[in-house]
Protein chains: 4
Amino acid sequence: MSTTTPPASNLALAERFRSVRQRTLALAEPLTPEDMMVQSTAEASPVKWHLAHTAWFFESFVLREFQRGYRLFNPDFAWLFNSYYQTFASFPEKRLRSSFSRPGIEEVLRFRAHVDDAMERLLEGNPPPEALERIELGLHHEEQHQELVLTDVLNAFYVNPLRPVYRPAEAEPRLWKRPSEPAGPLRFLRFEGGVQEVGHAGEGFCFDNELPRHRVWLEPYALAERLVTCGEYLEFMEDGGYRRPDLWLSDGWNAVQDHGWSAPLYWSSESGEWSVFTLRGPQALALRKNAPVSHLSYYEADAYARWAGYRLPTEFEWEAAAEGRLIAGNLLDAGWLMPVPASEMREDAPGPSGEAVGLLPDNPAGPFKRPWQLFGDCWQWTASAYLGYPGFRPLPGSLGEYNGKFMSGQMVLRGGSCATPRPHIRASYRNFFPPDTRWQFSGIRLASR
Amino acid sequence: MSTTTPPASNLALAERFRSVRQRTLALAEPLTPEDMMVQSTAEASPVKWHLAHTAWFFESFVLREFQRGYRLFNPDFAWLFNSYYQTFASFPEKRLRSSFSRPGIEEVLRFRAHVDDAMERLLEGNPPPEALERIELGLHHEEQHQELVLTDVLNAFYVNPLRPVYRPAEAEPRLWKRPSEPAGPLRFLRFEGGVQEVGHAGEGFCFDNELPRHRVWLEPYALAERLVTCGEYLEFMEDGGYRRPDLWLSDGWNAVQDHGWSAPLYWSSESGEWSVFTLRGPQALALRKNAPVSHLSYYEADAYARWAGYRLPTEFEWEAAAEGRLIAGNLLDAGWLMPVPASEMREDAPGPSGEAVGLLPDNPAGPFKRPWQLFGDCWQWTASAYLGYPGFRPLPGSLGEYNGKFMSGQMVLRGGSCATPRPHIRASYRNFFPPDTRWQFSGIRLASR
Amino acid sequence: MSTTTPPASNLALAERFRSVRQRTLALAEPLTPEDMMVQSTAEASPVKWHLAHTAWFFESFVLREFQRGYRLFNPDFAWLFNSYYQTFASFPEKRLRSSFSRPGIEEVLRFRAHVDDAMERLLEGNPPPEALERIELGLHHEEQHQELVLTDVLNAFYVNPLRPVYRPAEAEPRLWKRPSEPAGPLRFLRFEGGVQEVGHAGEGFCFDNELPRHRVWLEPYALAERLVTCGEYLEFMEDGGYRRPDLWLSDGWNAVQDHGWSAPLYWSSESGEWSVFTLRGPQALALRKNAPVSHLSYYEADAYARWAGYRLPTEFEWEAAAEGRLIAGNLLDAGWLMPVPASEMREDAPGPSGEAVGLLPDNPAGPFKRPWQLFGDCWQWTASAYLGYPGFRPLPGSLGEYNGKFMSGQMVLRGGSCATPRPHIRASYRNFFPPDTRWQFSGIRLASR
Amino acid sequence: MSTTTPPASNLALAERFRSVRQRTLALAEPLTPEDMMVQSTAEASPVKWHLAHTAWFFESFVLREFQRGYRLFNPDFAWLFNSYYQTFASFPEKRLRSSFSRPGIEEVLRFRAHVDDAMERLLEGNPPPEALERIELGLHHEEQHQELVLTDVLNAFYVNPLRPVYRPAEAEPRLWKRPSEPAGPLRFLRFEGGVQEVGHAGEGFCFDNELPRHRVWLEPYALAERLVTCGEYLEFMEDGGYRRPDLWLSDGWNAVQDHGWSAPLYWSSESGEWSVFTLRGPQALALRKNAPVSHLSYYEADAYARWAGYRLPTEFEWEAAAEGRLIAGNLLDAGWLMPVPASEMREDAPGPSGEAVGLLPDNPAGPFKRPWQLFGDCWQWTASAYLGYPGFRPLPGSLGEYNGKFMSGQMVLRGGSCATPRPHIRASYRNFFPPDTRWQFSGIRLASR
């Protein structure tokens, strides 16, 4: 969390508080109390747990410290809804969350209301800057769980043999072109490289793992203008992609064997026709061939890139591009899924002489510029392991466990998906998951020399 | 299922049908829809699943075959709520049952009502004898699930860190004596042995695994007049019972190490005070010292018996005793947890000369004769593996999978527990579970030469 | 161990001691020191370990107690080569045995010589009866390990991708008929049933688990005159035996799925031609169609019997037949793998009137009467769980762990295989293994009503 | 492998070939054929397998392609001793290597001699440059396995309950000071940072994963002048280091719980006295307090650094330091295990003005400059995940599987240990292992801002 930035005015913060908290409830609106009990994979949590845990966060890290005379809603909740903060309190094993039939959803909603009331009173007072920073953190925390509500419900409804629909009009990764059009050849944008600054800059909120802003050296590189589509991924599958060990990292090949992967998560095939299970229910793949392929592990993204003759970008290549800096030339035409010819990529190639264009509008969190599919469709696996930046300092106290202790064994994803709340999207945001993770909206952007 | 017995009159059967079906609903009455979603151990199922599966049984094995024009409530339910009948339909993996938020409880109750309506119409007609036999089987099936509802809820509420109460007055294993009284020395009743008939006899219903009635040879033996109490079991624990490999079967010792067992399931200790979690909530062990110890694995029952200098009875020793036959003498006094002196047990010993008494009143399913604790407190692990009787024939068709395919790796328990429906208790009933099972109301009756 | 029987004269015992000990070494003769290191499955042990452990047994249970002034060869060996006697000493995890490169084979042979020398001196003295009984036990113990040497080497050489040959003329289950002849219809022998005595009787040695001899009640039954052949088992496979859940116990079907079983252990198929790996190397199944099928789990034996319309015998049916008692009639002709017609099996059927014949020659350990294949070809899975006989008493002290603590989760096999030493074969012998065990020479004898 | 460098003259290469091949045999000299069978952990291989696999490498990648008329020693060996080259041939599961009693050690030595003869003939001819490059690669490959021979034997002898000695004078990590001296306060050397070149440069051999040499940006940093000692690590243990979750990465804390770690691998404690098992046998920790702590996982190294108030260096910080470049000042005195005072570490601090000194003599592979303990004592875990350098290209063909496919889930170690062959040590060398790996000689160098 940036500590150099003055928090938003209390009034605006109170407004944002109400809005974020309300949106969480709105996400649960199509769900029954029973739906909110399901924990269909070890990675997911029941929606009811998400509702309670996000209230717990404000109670534990804001109200207990900054609201004089705050009465805990239920002292047992202090550990019952703790996720993983070892230095704060004990907590139940994650897999037990599906057994929390009590407290019931009504009681959890009362817990939320109790917290909300206290928070309103706190905000009406003149809370100290630390409190405001904690509130801001809590809201971003809640937005992370809003995304998890969607990904966890998708998994729960997929595991349910009846395959129910969450909402008929729920957001999905957007099509690159209309279903009837060919996706067209993949084009790349070149970047010059050199010393770049990465990490969060400026006024707004960020997590501790986005800091400090620091310099990195980038060699010249090129990024694909769009995400890999379902149609392109199907070609990989049809070319034996899941049966050729030479395309895979060793761990990835083991995962393919152990789990029997032969398609992205949520794809299924009947009589040769593929369909994809979504929050809107099952959809024919034929109508989504121009949509970005999603719900892939890092291993699959990496194997696809190798098959296609490209590679995944590093997180800093992605971030520098997303900040729209240092563009050497305009779009390069590249053959359809063929490696960019070396002649065109050589540093001394004449290259396209077009003027520099940015990939983004000025405000990265604003309405998205469609063509690049940088933000708001799929998280994009990068070739970077999730590690601390030089000089990384975790938040003080128990909140130091928020991000830092997970800096091992995970890969960085960038960009944000269709399930990610808008205020949560920015160029410096670092999402991270183990490389075999598939239940997120995770896709592929290719890179090249 | 006995095929030689005329079914109860249709009217009486319809009455019993309503009563059994109603009792299942009554068991669910204290539960919320969320409670009915929990599957807290691999052995258990969600209560909602029990509600649906017992309706599925009537739909699949009665209505589909015997009710002309019966309309399936929902064709998907035919496999969704199939438990394990491989030859009937596919079925979901058991562990997925906790993800069935849909159908919701309302829909499951409509499913039950739909089935009940059709069953009423069937019973009003003149269904053939096979149908009546299937209905009878379905009712006993439902009673088995009634017991499971209680054992599964107990586990679910125990796993829930808040430890809720199911019902303040739910049945429990009855005390042998008042809490303030000493349990008193353990006394045994001797039986003469010889050729005995075992297996179901007479008019009533039985499962296929209780047939055919056949002869066995029994050596003379003695059975304890009551179950081992919690207080006695505590002495075993305090004597290092869980730390002495010489007391255990090899598999049992491995289970102790692997699971870290050091007390019966549901016992916990705080500051040296033991309490037991029950359907009524936590209870001080101090008040239950004269209650039968329960929720033990076979391994623990066997180790306790070895420690105490006795053994577990075979299922046929138990059954012959429960039928009240061939008693050689009256109660023997035996030292407190000391092996019965050999001199007293020799066949030619003068022995107690008292008249023979039966262990049971005439009607084994009737109100229980308290002293013997044979029925209705705890299932009693026997030293008999669960195998088919000589000439065993499974039911025809898919129902042949009901009992027969489980005749491997399990031990027989006899007697019935406080959770067992009364019509379900009889001397020939064979319950069976793997030897590491602890979530049932399972206790210990000692035997001796 | 029978305690009522005077031990063989010391001289004869000394002679037998030398002969048994020498035979163990002879079994290791074709093996290199490296071969004797291999532990290719969790069930097996390295041959070097067998050589050391059998010496350890005499050192630990005979010499330490009965040879005054005996000097331990190496105090570390007391626990290093302890197999599982918890009350004797600690012992290493079984899986570590393959890491015991030290002591080397030379040192293990010196250990054996050291023990042999001390045993000779002990036998020259006048050891007390307990010592003689322990020595007899130790020799039978060593014979058990002689069998394991063969089964473990077979597994080790099968797992070795080079598939080496142990000995070109090693014993195998004998053909029922010449390869070119049809096996012929399966015939059964009927037994009358009634009260039978089972368990060891007479003068010779037996293990504690064969005692006490006691009475059982047997219903009339019939036993097949020979074992099921490889050719017959192939028909089961070709009829989809491994793909039909209705043929299997529930645990058995799970084992088929989990392990991917589709044929007996050691069978493999190339271009449609089956071959069987043996101690003589790979052999074409075509030449072994009339040999008994072997290396089956209990689950496979049970499924085959169900498919064929028969069942497995109980251990007491087998034992009574092997003792040649109570035969009601001579061979019944039965259709080829068809259930015996009920008319022929009814008690009141006229039946064959031939005189009673025994299944065995007088000396069960002598040269076998070929037709019955009762002894010396394959262990025969029975339908009996391995449990203690009524009044079972384990040996006193640590030797009580020899058999008793394994009386859980295992099934009894009877008869002895081609790998079993002759003195080790008798009608009352109870072998036992978990039902998924396949690395022993285990086959099928069918039974019927 | 550098492709721009002319290979050593054939004569010198032949000489080096003989020397490297001979050294492998010398390492096996203290071992019996049985020792060479042991595979005591999933990470290790039997020594005999190492002997065979290193011959297989020359046969498969040199002789088959470049020696006209080469006769395979045994066609089965082509897959039997393949380690993991999926595109070359099938290979046995790694865990089966301990079952390869055949071929015996004599045959494996004949295999080596057969390969050596053919290699001599090839080298006498005029092999093409690709062949020479492959031979050079094969020799470095063999040196990697020489190191594994030592680490695998250490583990095998540790698992053996008899704890044998490999060689009484085998190399070990060197003491920093004499046992009787205090280790002294930890001192740091500062580096200026900026754009640095990393990756292999110059004439000599390197692996593909050390290329291409490229630029990185480093912030100013400081490296400890020596490795963390056993004595210092003991303080961490005594301060509850293994019981405080706040010190650990989340995955690391899980590993501590799952494996029950409470000390480095090979440490054991009896009556409060620690000893360390080494290739020389057990040694009292009291005499090795000034030796570098070794056999730690990445998680332990990371937790220690956090406890001590420092961090681990990145691989590029390490490499730049090891190349002796860009040193801002001479040794800083720092308090004993206290963080370097911020005032001293600020960029604008006056700082020590001493002249720049290199950490290394000119020849990084030559005799080591003792003080820095950079090379030849313990591999040093870095904070860098093992990933490809920008523009990384795996070797062509099957050899592309050598390094590239492992670029996932592993951390980089730098420096080389006492078990590493000298020609194998260089500043750009990247060793890599999963973060829970402990069987290598892996220790800790601290870094700071």
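Okay, so let's go over this structure. If you're wondering where the values come from, they're calculated on a predicted model, not measured in any experiment.

Cut-offs used in this document
Residues numbered from 1 in each chain as written. Chains lettered and ligands numbered in written order. Predicted model: local features only at pLDDT ≥ 70, side-chain atom pairs only at ≥ 80, totals over all residues. Heavy atoms only, no water. Helix = DSSP H or I, 4+ residues; strand = E, 2+ residues; numbered from the N terminus. Buried < 20%, exposed > 50% of the residue type's maximum accessible area, 1.4 Å probe, protein only. Contact = heavy atoms within 4.5 Å. Areas by Shrake-Rupley, 256 points an atom, 1.4 Å probe, with all protein chains shown as cover. Least-squares fit on C-alpha atoms with pLDDT ≥ 70 in both. Buried area = accessible area lost by both parts, 1.4 Å probe. Salt bridge = Lys/Arg side-chain N within 4 Å of Asp/Glu carboxyl O. Axes fitted to C-alpha atoms, helices over the stretch in contact; angles between N-to-C directions. Parallel < 35°, antiparallel > 145°, perpendicular 65-115°, else oblique. Left-handed = near helix turned anticlockwise from the far one by under 90°. Nonpolar A, V, L, I, M, F, W, Y, C, P; charged D, E, K, R; others polar. Phe/Tyr/Trp six-rings, centres within 6.5 Å; stacked < 30°, edge-to-face > 60°. Lys NZ or Arg CZ within 6 Å of the ring centre and 35° of its normal.

**Looking at the overall build of chain A**
- The number of helices and strands found in chain A is ten helices and 13 strands.
- Sorting the 449 residues of chain A into buried and exposed places 61% on the buried side.
- Long-range pairs, those at least 24 residues apart, make up 81% of the contacts in chain A with a sequence separation of at least 6.
- Carbon and sulfur atoms provide 52% of the accessible area of chain A, an area that totals close to 16800 Å².

**Describing the relation of the copies chain B and chain C**
- When chain B is fitted to chain C, the residual RMSD is 0.0 Å, and the transformation amounts to a turn of 180° plus an axial shift of 0.0 Å. Both copies are brought into coincidence by an operation consistent with a two-fold rotation axis.
- A shared binding surface is used by both copies, with 100% of the interface residues of chain B retained as interface residues in chain C.

**Some remarks on the interface of chain B and chain C**
- Each partner contributes residues to the interface: chain B has 30 residues there, and chain C has 30 residues.
- Summed over both sides, the interface between chain B and chain C buries roughly 2200 Å², with carbon and sulfur atoms accounting for 61% of that surface.
- For chain B, the biggest contributors to the area lost against chain C are B:Arg215, B:Trp217 and B:Ser408; these three give 24% of the whole.
- Inspection of the region where chain B meets chain C yields two salt bridges.

**Some words on the packing of helix H2 (residues 47-66) of chain A against helix H4 (residues 105-124) of chain A**
Residue and element names in this part refer to chain A.
- One can describe the packing of H2 onto H4 by two numbers: an axis separation of 9 Å at closest approach and a directional angle of 30°. In terms of axis orientation, H2 runs roughly parallel to H4. Viewed along their axes, H2 and H4 form a crossing whose handedness is left-handed. For the pair formed by H2 and H4, the contact residues are Lys48, Leu51, Ala52, Thr54, Ala55, Trp56, Phe58, Glu59, Val62, Leu63 and Phe66 on the first element and Ile105, Val108, Phe111, Arg112, His114, Val115, Ala118, Met119 and Leu122 on the second.

**Section: the interface of chain A and chain B**
- With 28 residues of chain A in contact, the opposing surface of chain B contributes 28 residues.
- Counting the surface lost from both chain A and chain B, the interface buries some 2300 Å², and carbon and sulfur atoms represent 61% of this.
- If you sort the residues of chain A by the area they bury against chain B, A:Glu34, A:Arg102 and A:Leu162 come out on top, with a joint share of 32%.
- The residue A:Asp35 makes a salt bridge to B:Arg102 at a minimum N-O spacing of 2.5 Å.
- Counting only elements with at least two residues in the side of chain A that touches chain B, the list comes to helix H3 (77-80) and helix H5 (129-159) of chain A.
- Sorting elements by how many residues they give to the side of chain A that touches chain B places H3(A) first, with three residues.
- For the side of chain A that touches chain B, the class distribution of residues is 17 nonpolar, six polar and five charged.

**Some thoughts on the packing of aromatic side chains**
- Within the structure shown, the criterion is met by 168 aromatic pairs over all chains.
- Judged by centre distance (5.5 Å) and plane angle (70°), the rings of B:Phe236 and B:Trp307 are edge-to-face. Here B:Trp307 lies in helix H8 (residues 298-308) and B:Phe236 lies in helix H6 (residues 230-238), a separation of 71 residues in the sequence.
- Exposure remark for B:Phe236: the relative accessible area of 0% places this residue in the buried category.
- When the ring centre of C:Trp49 is taken as reference, the NZ or CZ atom of C:Arg97 above it lies at 3.6 Å.
- Seen from the ring of C:Phe277, C:Arg163 lies directly overhead, with NZ or CZ sitting 5.6 Å from the centre.

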